[in-house]
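In case you want the letters, here they are:
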Amino acid sequence: MKYIKNSVMKMLVVFTVMLIYQVSYLGVCNAFTSDRGIFRTKGGNTVFGGDRRTSTSSFSSESHTLLHMAVPGMKTIRRVRDSVFSRERNREDLTKGIAHFYDRSSKLWEDVWGEHMHHGYYIPADRTDHQQAQIDLIDEVLKWANATEAKNVVDVGCGIGGSSRHIAKKFDCAASGITLSPYQAARGNELAKEQGLDSKVNFQVANALSMPFEKDSFDLIWSLESGEHMPDKAKFVNELIRVTAPGGRIIVVTWCHRDLEPSETGLTKKEDKLLAKINRAYYLPRWCSVNDYVDLMKSEGLTDIRRDDWSHIIAPFWRAVIKSSLNLKSVYGLLKSGFSTIRGAYAMLLMLRGFDKGLIKFGLITATKPADN
């Protein structure tokens, strides 16, 4: 952890400069200035606009122009204020923000890490073949869940489709992936075509809380590191169940907060505050625990419910991600990707803190839909 924290501190110096530049210059300054200029002085008097007219007749039109120019700036200021105070986003902002975040960051991730946008499986812990570790995570999760075959798979929160394509090849089955990001869906289809899988694998833009599939469509439901984005966990689980065929298996791998002790009614204030900061950076809603998922699945009549905590298994991935960020190519890519991607990288320190304190868990949950359902 000492190595990780020292490395992150080096990144923070670079990212802080980027954040200040992005927010204060690109965000606020551009919103309040234009080719005409909003505020200029003439003879000590403040006037509006590039034409420098101060007559009463021109005041109304200039004020109208100022209002239109200032509105985007006020929105930027509100966003900065909400970020500073880690205010919770509404569902509409979350949906738009997630799509924008992954539209901007997915290419950078693929350039550095390849087609799999998730953590790796680190047994042994000192392995350095990181991209293979990501593939191994898929295989090990499937093995853990006793998923040995499938005919039709849905990848809920598919990224650019790495899991979908791997499972389609592994089980020789059809796979459908959904994501909120138009870029990810398009890139996923491109890669499927490049790999000769376009006849059996497809990707589309869709919301996991209202999937465009018929009831009982899939015998394997795969959700890898997307559940944390769901603002309504109960609706998310219900929708997974709806599209699962009787006898089909559901696998959810997601970041959760720790389980509560019997004497607790909620997380501590410090824990809530830390998660709120992470939520602002990664466009996340409120978190839940692995136990919350288990309770939801039990209440819906699912069977063969199992859970596990693989936080220790994926932990070395953090070090690899941070190390990969400490080069000019990655820093330049971050700068090009924009403010939201930079903020996401900046928030890695918060994720590390939560993980180190035992607050954040990498949870696995699997269950079966009864055959007579």
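Refer to the structure printed above.
Structural notes, computed from the coordinates.

Parameters at a glance
Residues numbered from 1 in each chain as written. Predicted model: local features only at pLDDT ≥ 70, side-chain atom pairs only at ≥ 80, totals over all residues. Heavy atoms only, no water. Salt bridge = Lys/Arg side-chain N within 4 Å of Asp/Glu carboxyl O. Helix = DSSP H or I, 4+ residues; strand = E, 2+ residues; numbered from the N terminus. Buried < 20%, exposed > 50% of the residue type's maximum accessible area, 1.4 Å probe, protein only. Pairing = 2+ DSSP bridges. Right-handed = clockwise from strand over helix to strand, strands pointing away. Core = buried A, V, L, I, M, F, W, Y, C linked by side-chain atoms within 4.5 Å. Contact = heavy atoms within 4.5 Å. Phe/Tyr/Trp six-rings, centres within 6.5 Å; stacked < 30°, edge-to-face > 60°. Axes fitted to C-alpha atoms, helices over the stretch in contact; angles between N-to-C directions. Parallel < 35°, antiparallel > 145°, perpendicular 65-115°, else oblique. Left-handed = near helix turned anticlockwise from the far one by under 90°.

## Looking at the pattern of salt bridges
For step 1, the next point in the chain: All told, the structure shown has 18 salt bridges when counted by the stated rule.
For step 2, the next point in the chain: Between E92 and K96 there is a salt bridge, with the nearest N and O atoms lying 3.0 Å from each other. On the criterion of helical spacing, the pair formed by E92 and K96 is a turn pair, its members being four residues apart in helix 3 (residues 91–113).
For step 3, the next point in the chain: Taking the shortest distance from any N to any O, the salt bridge between E110 and R187 comes out at 2.8 Å. Of this pair, E110 sits in helix 3 while R187 is found in helix 6 (residues 182–194), placing the two residues 77 residues apart along the sequence. Grouping residues by exposure puts E110 and R187 together as buried.
For step 4, the next point in the chain: Three or more residues joined by partner-sharing salt bridges are found here, namely E110, R187, E190 and E194.

## What to know about the pairing of strand 3 (residues 152–156)
In summary, the side chains of a regular strand alternate between the two faces of the sheet.
For step 1, the next point in the chain: Here strand 3 lies mainly inside the structure; four of its five residues are buried.
For step 2, the next point in the chain: Bridge analysis of strand 3 against strand 4 (residues 174–179) gives five bridges, and the strand direction is parallel. The partner of D155 across the bridge, within strand 4, is G177.
For step 3, the next point in the chain: Regarding the hand of the β-α-β motif, the stretch spanning strand 3, helix 5 (residues 162–171) and strand 4 is right-handed.
For step 4, the next point in the chain: Note: strand 3 against strand 6 (residues 218–224), three bridges, orientation parallel.

## Side note on the pairing of strand 6
For step 1, the next point in the chain: Most of strand 6 sits out of view: six of its seven residues are buried.
For step 2, the next point in the chain: Where strand 6 and strand 7 (residues 244–257) come together, six bridges link them in parallel fashion. By the bridge assignment, I221 is partnered in strand 7 with I250.
For step 3, the next point in the chain: In this region the chain leaves strand 6, passes through helix 7 (residues 233–243) and returns to the parallel neighbour strand 7; the handedness of that crossover is right-handed.

## Brief notes about the nonpolar core
For step 1, the next point in the chain: L142, I167, L220, W222, I251, I278 and W310 are the most contacted members of the largest nonpolar core, which totals 58 residues.
For step 2, the next point in the chain: With six residues, the single largest contributor to this core is helix 4 (residues 130–144).
For step 3, the next point in the chain: Ignoring sequence-local partners within four residues, the contact set of W222 consists of I138, V141, L142, V153, V154, D155, V156, S163, I167 and I251.
For step 4, the next point in the chain: One finds I178, M230, C256 and V294 within the second-largest nonpolar core, a separate group that totals 27 residues.

## Let's talk about the packing of aromatic side chains
For step 1, the next point in the chain: Under the defined criterion, the tally for this structure stands at 10 aromatic pairs.
For step 2, the next point in the chain: A centroid spacing of 6.3 Å and a plane angle of 50° characterise the contact between Y122 and F317, whose relative ring orientation is tilted. With Y122 in the loop between helix 3 and helix 4 and F317 in helix 11 (residues 316–325), this residue pair connects regions lying 195 residues apart in the sequence.
For step 3, the next point in the chain: Within the aromatic cluster, the residues linked to one another by ring pairs are F101, Y102, Y282 and Y283.

## Topic: the packing of helix 7 against helix 9 (residues 290–299)
How two helices sit against one another is set out by the angle between their axes and by the gap between those axes.
For step 1, the next point in the chain: Look at helix 7 against helix 9: their axes get within 10 Å of each other, and the N-to-C directions meet at 50°. Here helix 7 lies oblique to helix 9, going by the angle between them. Judged by the twist between their axes, the crossing of helix 7 over helix 9 is right-handed. In this structure, helix 7 contributes K233, A234, F236 and V237 to the contact, and helix 9 contributes Y293, L296 and M297.

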